[in-house]
Amino acid sequence: MSMYNVPGAIEMPNAFSKPDGELSFTISNFAGMTRYQFGAQVHPRLYGGFRYTEIQDFDSAGFSTYYDRSFDLRFTAIEESGLVPAVTIGLQDFIGTGIYGAEYVVASKHVGTGIRVSAGAGWGRLAGNSVLTGFGERPALTPDDVAEGGEANFDTLFRGEIGAFGSIEWQVRDNLVLKAEYSSDHYTLESESLGIFDRDSPLNFGATYQTKGGTEISGYYMYGSQLGVSLAFNFNPDRPPTGGSLDGAPFPITPRPSRAAAPEAYSTAWSESEAGRQAVEARLGEVLLLERLEMEGLKIDGTHATLYLRNSGYGAEPQALGRAARLMATVLPPSVEVFTIVPMTAGMALPAFTFRRTDLERYEVAPDGTERMLAAAAAAVTGTPAPMARADEAFGFYPRFQWLLEPYMRTSLFDPDNPFRADLGLRLGAGSELAKGLIVSGSVTKKVVGNLDQNSRESDSVLPHVRSDFPLYDSEGDPGIETLQAAYYFRPGQNLYGRMTAGYLEQMFAGVSSEMLWAPYDTPFAFGAELNYVKQRDYDGGFGLQDYDVVTGHGSVYYRYDDYLAEVDVGRYLAGDDGATLKLERVYANGWKVGAFATFTDVSASDYGEGSFDKGITLTIPLGWFSGRSSTAVPQFTMRPLQRDGGARLNVNGRLYGLVEPGRQDRIEDQWGRFWR
């Protein structure tokens, strides 16, 4: 990785791609410039990244130390093959202030043993040596021209003069790479205008040491006057650090005796006795708990059992299905041949899976047993399983009470006065499922240590302050009520899911939220609609409300294609602005998700303020990936360059698509390899 966190030599890019799905975090420094960067190879040909740079003595906009945010995108147009080099087209800082704005076309080729050579043409920052005159004009950027940023620089892309750059990299050993490059970046702003450092030469030299775990440690001599260092962490969510699952072995399936050898074992007389059914039900419930699974209900007769299953322990739904099916084959009498398992979430039944016990016994140790079970289950999926008909079929599962005490971290990122602020504290939460689908819950938070209350910036937003007053909530709302709400989840019809939530919904708003989702099991798309009426909460985190209220809502389209999930939300946001949010995620089979979003509304860039429009990067990280032990804990993180009032959406816990997605066909098939584990 280069110091710009893209595949490259030192600062100049090359044309090679990273392994598909790989992520990179890089910290690099030279001449008082420190870059904190994240990037992802979201497709074999497409790479995207975010950069946050701290520049000392860059006296722009009144800051002696300037903090810059920018986004990169690059596309590999031609992959290397035979005599043909790889060719990549890149956009550097195409959304940002333009300080690092550049475009390039670069070609790279492996030559001989362990040698890579690259040559390219660059615009913007990479046109410093100006070997060609390009199309159109590109005004030079001065310190006074550095704006608030955030808008795409489409009007300057591939315009202006064109420079040339090149590099050579030599893989001396498996873990050591030597590099040399000719840079076309003249650092006009930093070197000539501001005198941050002296650029005495276009040549850079260095070496990178690579560890087996994917970490790169680099040292460089740069521009004839500076020393540079870089630390890059590369990893792929498809390759967990534990190398695989550390879960305990599942229960083995106990084969039944043949009907010819023991015909009495297949008698259904036990099912005609209430006591007989209750004994079977009690035993199944007990063994499910041993596997971190819960039985919400059971319908059973002499030949068919329907289990309503709550998955409390496994991030992959097929693993829960497989373990539950094993236990049913162990506990249920031999006469029960057909198992139907209905996954349950928030009291709602997801599409049900039906298995023949004979298939379970036959395919448990078969070489192709996983594929055969998937084919058999897929042919028997039902979108809307029969509901539990009698109250006693729920076995006293409701009401149920749960509580938690856990640490929390709340952050404020990329503030020019202090780029990283955070509070660490404790969250006390409690909830009760009073009946199927009816949940009351709440949580309070208390800071233990942190500096969020030291943010003294006052909002200058011309829009209603639906988010920009967050420093007041942080400083006055400790301790505070985080949420206090009641929610009802239901299935109103075929492939339909519904939610109603009322109360103190999030830190800043209280009110009523309603949602409906149409999500067939076997289609790649789903449609949702949400309507909310909310009032702004007082800053102190108590029960008080302010005068501001708004009706907000969105229509949503979700589309899953291969390893990608696209979401489009169109509607009204908290500040009363109308527009749309576009979101694209790379979805990994083990539960990781890496995505980016952008929101465009009828608020102008000038009215929005710094950043011009809402955008950011999202990470969904299953905790079981680190430990190797299955878990349903899947924290989600959002990195926003800046939080403003335009494009702000209500935060509601338990939105429907997130609850339903684990039981849809694409996710089930992604994770079916864990069925026998």
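Residues numbered from 1 in each chain as written. Predicted model: local features only at pLDDT ≥ 70, side-chain atom pairs only at ≥ 80, totals over all residues. Heavy atoms only, no water.

## Brief notes about the overall build of the chain
The helix and strand tally for the chain stands at 10 helices and 30 strands. Over its C-alpha atoms the chain spans a radius of gyration of 29 Å, differing by no more than 12% from the 26 Å that the globule rule assigns to 677 residues. In terms of its C-alpha atoms, the chain occupies a principal-axis envelope of roughly 95 × 70 × 40 Å. The burial tally for the chain puts 53% of its 677 residues in the buried class. In the chain, once contacts between residues fewer than 6 apart in sequence are set aside, the share between residues at least 24 apart is 58%. In the structure as shown, the chain presents an accessible area of about 28,800 Å², 58% of it carried by carbon and sulfur atoms. Positive and negative side-chain charges of the chain, numbering 58 and 85 respectively, have mean locations separated by a distance of 8 Å. (Helix = DSSP H or I, 4+ residues; strand = E, 2+ residues; numbered from the N terminus. Rg over C-alpha atoms; globule rule 2.2 N^0.38 Å. Buried < 20%, exposed > 50% of the residue type's maximum accessible area, 1.4 Å probe, protein only. Contact = heavy atoms within 4.5 Å. Areas by Shrake-Rupley, 256 points an atom, 1.4 Å probe, with all protein chains shown as cover. Lys, Arg positive; Asp, Glu negative; His and termini not counted. Charge placed at Lys NZ, Arg CZ, Asp CG, Glu CD.)

## Looking at helix H2 (residues 274-290)
Given a rise of 1.5 Å per residue, 17 residues ought to cover 24 Å, and the 25 Å separating the end C-alpha atoms of H2 matches this to within 8%. Every buried residue belonging to H2 is among Gly-276, Arg-277, Val-280, Glu-281, Leu-284, Gly-285, Val-287 and Leu-288, and all of these are buried. Turning to H2, the residues buried within the fold contact strand E13 (293-300), strand E14 (304-311) and helix H3 (317-331). The backbone nitrogen of Ala-275 lies 3.3 Å from a side-chain oxygen of the residue at the head of H2, namely Ser-273. Arg-292, located one to two residues past H2, shows a positive phi value of around 60 degrees. (Expected span 1.5 Å × (residues − 1). Polar contact = N/O pair within 3.5 Å; in protein donor to acceptor, adjacent residues only side chain to side chain.)

## What to know about the packing of aromatic side chains
Under the counting rule described, the total for this entry stands at 30 aromatic pairs. Their ring planes at 50 degrees and their centres at 6.2 Å tell us that Phe-197 and Tyr-223 sit as a pair that is tilted. Taken as a pair, Phe-197 in the loop between helix H1 (188-193) and strand E10 (203-210) and Tyr-223 in the loop between strand E11 (215-222) and strand E12 (226-235) lie far apart in primary sequence, 26 residues in all. Residue classification places Phe-197 among the buried residues on the basis of a relative accessible area of 3%. The class of Tyr-223 is buried, set by a relative accessible area of 0%. Between Phe-600 and Phe-613 the ring centres are 4.9 Å apart and the planes differ by 25 degrees, which places this aromatic pair in the stacked class. Taken as a pair, Phe-600 in strand E28 (residues 593-601) and Phe-613 in the loop between helix H7 (605-608) and strand E29 (614-620) lie far apart in primary sequence, 13 residues in all. Members of the aromatic cluster, joined through ring pairs, are Phe-25, Phe-38, Phe-235, Trp-592, Trp-625 and Phe-626. Lying across the ring of Tyr-588, Arg-586 places its NZ or CZ 5.1 Å from the centre. Its end group placed over the ring of Phe-613, Lys-615 keeps NZ or CZ at 4.3 Å from the ring centre. (Phe/Tyr/Trp six-rings, centres within 6.5 Å; stacked < 30°, edge-to-face > 60°. Lys NZ or Arg CZ within 6 Å of the ring centre and 35° of its normal.)

## Considerations on the pairing of E13
Summarising burial for E13: 7 of the 8 residues are buried, a large majority. When E13 meets E14, the two strands line up antiparallel, connected through 7 bridges. Counted as the bridge partner of Gly-297 is Tyr-308 from E14. If you look at the hairpin formed by E13 and E14, you'll find 3 residues sitting between the two strands. (Pairing = 2+ DSSP bridges.)

## Quick notes on the side chain of Glu-433
Relative to the helices and strands, Glu-433 resides in strand E19 (residues 418-435). A distance of 3.0 Å separates a polar atom in the side chain of Glu-433 from a polar atom in the side chain of Arg-310. In this view, Glu-433 contacts Arg-310, Tyr-398, Pro-399, Arg-400, Leu-438 and Ile-439; residues no more than four positions away in its chain are not counted.

## With respect to a nonpolar patch on the surface
A cluster of nonpolar residues, Phe-401, Trp-403, Leu-405, Met-409, Phe-420, Leu-424, Leu-426, Leu-428, Val-444, Val-448 and Val-449, forms a patch on the protein surface that exposes about 1,200 Å² of accessible area. The set of elements that each furnish at least two residues to the nonpolar patch consists of strand E18 (400-415), E19 and strand E20 (438-450). Along the chain, Leu-426 falls in strand E19. (Patch = residues over 30% accessible without salt bridge, like charges linked within 9 Å, V, L, I, M, F, W, Y side chains within 5 Å. Salt bridge = Lys/Arg side-chain N within 4 Å of Asp/Glu carboxyl O.)

## Topic: the pattern of salt bridges
The full count for this structure, using the stated rule, is 46 salt bridges. Its salt-bridge partner being Glu-79, residue Arg-45 comes within 3.8 Å of it at the nearest N-O pair. Pair noted here: Arg-45 is in the loop between strand E2 (33-43) and strand E3 (46-60) and Glu-79 is in the loop between strand E4 (63-78) and strand E5 (86-96), with a separation of 34 residues, a long-range link. The partly exposed category is assigned to Arg-45, whose relative accessible area is 26%. What makes Glu-79 partly exposed here is its relative accessible area of 42%. A cluster of three or more residues bridged by salt bridges with shared partners is formed by Arg-499, Glu-515, Glu-530, Asp-569, Arg-649 and Arg-655.

Worth remembering: the numbers are spatial, not functional.
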